[in-house]
Amino acid sequence: MDSKKLAVLMTCYNRRDTTLVCLQALYKQNTIFDVYLVDDGSSDGTCDAVRANYPAVKILKGTGDLFWVGGMRLAFAEALKENYDYYLWLNDDTIVDPNALSKLFATHNDLIEKGFPNSIIVGSTRDAITGKPTYGGAVRSKHWYSNKYEFLQPSQEIQECDTMYGNCVLIPRSVAQKVGNLDPAFIHSLGDLDYGLRARKLGCSVWVAPGFIGTCSKNSVQGSWVDTNLPIGDRLRKALQPKGFPIRAWTVFARRHSGPFWFLYWFLPYLRAVIGYKNLSASPSFSVEMKQ
């Protein structure tokens, strides 16, 4: 990457061993970078363990209620002060392959040569056991009745997409200058999807790098708002919590990205919670990031 400066942005909460494994893989990359890690009030010794094993990591203390978007926004805000050439969003449960960063930078260089300098590069992940794809780029469903953003399967070619899930995302400075930080309207989910969509509206583009950059298992739906084994009331209550579709955040997202009939889509997650995941095909967009 020559003399380009890279900031790696992370947030964590009470999964010390997972965070350490992520950092171990990250520091095997053949790239120089600074890590900004938000510890959102962990009580399991995450902070001390990171300081002991990776003293160069810049640890920022959270308040305990930042969740994924809030934590990443804090890390991003600190890194933006230093005017890095690149910013990498990285979930602390994503284990990057040894060539992951090189692949992301090579993809961006290819896009610069093709006339797309203001490009976000998304890394796709696979399940460590099954090898099945898990997270990466996202495209809006072509069904007129759906407001869902579906995972885009990676290929051996660079693919353009509509937006992304924020597990591993490379953002060049030119994009960060146009789009800014993650929107504070969001708490845990939707912030990554919103960022990609806003970037496209501002003339940037979002691309999926070829192949995979590492592993990340999908979060279980057990005990969540889409778990049909839970009573309806519990599902609806969970849908309104930060990890689901809190009313203010979902209203901002729907109004911003769902067109003139956004209010029709607005009801879908709550209807989905009541009816059940398997019984409602017109499901809304859903972003699963770090669990807290």
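Our structure is the block above this text.
Attention in this report is confined to the structure presented alongside it. Treat the numbers as computed from the prediction; the structure is a model and nothing was measured. Each chain carries its own residue numbering, running from 1 in the direction its sequence is written. Selection of residues for local features in this predicted model requires a pLDDT of at least 70, selection of side-chain atom pairs for listing and counting requires 80 or more, and totals for whole chains, interfaces and linings are taken over all residues. Values reported for side chains reflect all heavy atoms of the structure, with hydrogen atoms and water molecules removed beforehand.

### Quick look at the environment of Asn91
Item 1. Strands are runs of DSSP state E lasting at least 2 residues, helices are runs of H or I lasting at least 4, and numbering of each runs from the N terminus. Relative to the helices and strands, Asn91 resides in the loop between strand S4 (86-90) and strand S5 (95-96).
Item 2. In sequence terms Asn91 and Asn167 are 76 residues apart; their C-alpha atoms lie 4.9 Å from each other.
Item 3. Among the polar contacts listed, one links the side chain of Asn91 to the side chain of Trp68, at a separation of 2.7 Å. As used in this structure description, the phrase polar contact means that two N or O atoms lie within 3.5 Å; if the pair is within protein, one of them must be able to donate a hydrogen and the other to accept it, and residues adjacent in sequence are counted only when both atoms belong to side chains.

### Remarks on the packing of aromatic side chains
Item 1. Stacked, edge-to-face and tilted are the three classes for Phe, Tyr and Trp ring pairs, Trp counted by its six-membered ring, which pair at centre distances within 6.5 Å; planes under 30 degrees apart are stacked, over 60 edge-to-face, the rest tilted. Within this structure, the stated rule accounts for 19 aromatic pairs.
Item 2. Centroid distance Trp89 to Tyr195: 5.2 Å. Interplanar angle 70 degrees. Geometry classified as edge-to-face. Taken together, the residues span a long stretch of sequence, with Trp89 in strand S4 and Tyr195 in helix H6 (residues 191-201) at a distance of 106 residues. The burial state of Trp89 is the same as that of Tyr195; both residues are buried.
Item 3. Among the aromatic side chains, those forming a connected cluster through ring pairs are Tyr36, Trp68, Phe76, Tyr84, Tyr87, Trp89 and Tyr195.
Item 4. By definition here, charges over rings are those cases where NZ of Lys or CZ of Arg is within 6 Å of the ring centre and within 35 degrees of the ring normal. Lying across the ring of Tyr84, Lys5 places its NZ or CZ 4.9 Å from the centre.
Item 5. Geometry around Tyr265 places Arg140 over its ring, the cationic atom sitting 5.6 Å from the centre. Whether a residue is buried, partly exposed or exposed follows from its accessible area with a 1.4 Å probe, protein chains only, as a fraction of its type maximum: under 20%, in between, or over 50%, in that order.

### Examining the sheet that holds S5
Item 1. At least two DSSP bridges between two strands are needed for those strands to be called paired. Here 3 strands make up an open sheet; going across it, the order is S5-S14-S7 and the pairing mixed. Here the strands that pair on one side only, and so sit at the sheet edges, are S5 and strand S7 (125-126).
Item 2. Direction of pairing for S5 relative to strand S14 (residues 214-215): antiparallel, over a ladder of 2 bridges. The residue of S14 that forms the bridge with Val96 is Gly214.

### Details of the side chain of Arg235
Item 1. Structurally, Arg235 is set in helix H7 (residues 232-239).
Item 2. The side chain of Arg235 sits in the buried core without any salt bridge; Asp227 is the nearest counter-charge, 7.0 Å away.
Item 3. Note on definitions: a residue-residue contact is assigned when non-hydrogen atoms from the two residues lie within 4.5 Å. Setting aside residues up to four positions removed in sequence, Arg235 forms contacts with Trp225, Asp227, Thr228, Leu230, Ala273, Val274, Ile275 and Gly276. In this tally, Asp and Glu contribute negative charge and Lys and Arg positive charge; neither His nor the terminal groups of the chain are included. Note on definitions: salt bridges are taken to be side-chain nitrogens of Lys or Arg within 4 Å of carboxyl oxygens of Asp or Glu.

### Description of the sheet that holds S4
Item 1. Spatially, 8 strands are ordered S3-S2-S1-S4-S12-S6-S13-S10 in an open sheet, and the strand pairing comes out mixed. With partners counted over all chains shown, the strands left at the sheet margins are strand S3 (58-61) and strand S10 (159-161), one partner each. Adjacent strand axes in the sheet meet at a mean angle of 25 degrees, parallel and antiparallel pairs treated alike.
Item 2. Across 4 bridges, the pairing between strand S2 (residues 34-39) and S3 is parallel. Counterpart to Tyr36 in the pairing with S3 is Lys58.
Item 3. Axes here mean lines fitted to C-alpha atoms, for a helix over just the part in contact, with angles spanning 0 to 180 degrees between N-to-C directions. Its contacts with the sheet put helix H2 (residues 46-53) on strand S1 (6-12), S2 and S3, and the angle it makes with S3 is roughly 165 degrees.
Item 4. Sheet contacts for H6: S4, strand S6 (119-122), S10, strand S12 (168-172) and strand S13 (205-208); angle to S13, the most-contacted strand, approximately 125 degrees.

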